[in-house]
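Summary of structural features
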Amino acid sequence: MEQQVDIETVVLEGGSCVECSSPTITYVVKCQKCGYVETHRHTVSLTRGVTEVVTVQCEKCNHKQMVKIRYPR
Ligand SMILES: [Zn+2]
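Residues numbered from 1 in each chain as written. Predicted model: local features only at pLDDT ≥ 70, side-chain atom pairs only at ≥ 80, totals over all residues.

Along the polypeptide, His63 turns up in the loop between strand S5 (51–57) and strand S6 (64–70). The class for His63 is partly exposed, based on 14 C-beta atoms found within 10 Å. Once residues within four sequence positions are removed from consideration, His63 is found in contact with Cys31, Lys33, Cys34 and Cys58. (Helix = DSSP H or I, 4+ residues; strand = E, 2+ residues; numbered from the N terminus. Buried ≥ 20, exposed ≤ 12 C-beta atoms within 10 Å, placed from the backbone. Contact = placed C-beta atoms within 7 Å.)

Pairing is antiparallel across the open sheet formed by three strands, whose spatial order is S1-S6-S5. Looking at which strands have only one partner, the edges of the open sheet turn out to be strand S1 (11–13) and S5. The average angle at which neighbouring strand axes cross in this sheet is 10°, direction not considered. One ladder, built from three bridges, connects S1 with S6; its direction is antiparallel. (Pairing = 2+ DSSP bridges. Axes fitted to C-alpha atoms, helices over the stretch in contact; angles between N-to-C directions.)

Negative phi values dominate among residues other than glycine, just as trans dominates among peptide bonds. You will see that Asn62, though not glycine, has its phi angle at about 65°, which is positive. Along the chain, the position of Asn62 falls in the loop between S5 and S6.

Okay, structure coming up:
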């Protein structure tokens, strides 16, 4: 049984969504310091009520930031 992710309810901080039409979303990281958008795509499976937190480092300026993906119940 496939459950569709409602794009309106997925909260993505520190990145932008590339593919958000299934329980697995694909996003790219955008540096909050220099604005560089990584070409590498990250894929994460979402579980309702669970916030995924990923620490990433900018390829360009080495700024470390957290990416949070929240999928509310
Ligand atoms: Zn940067």
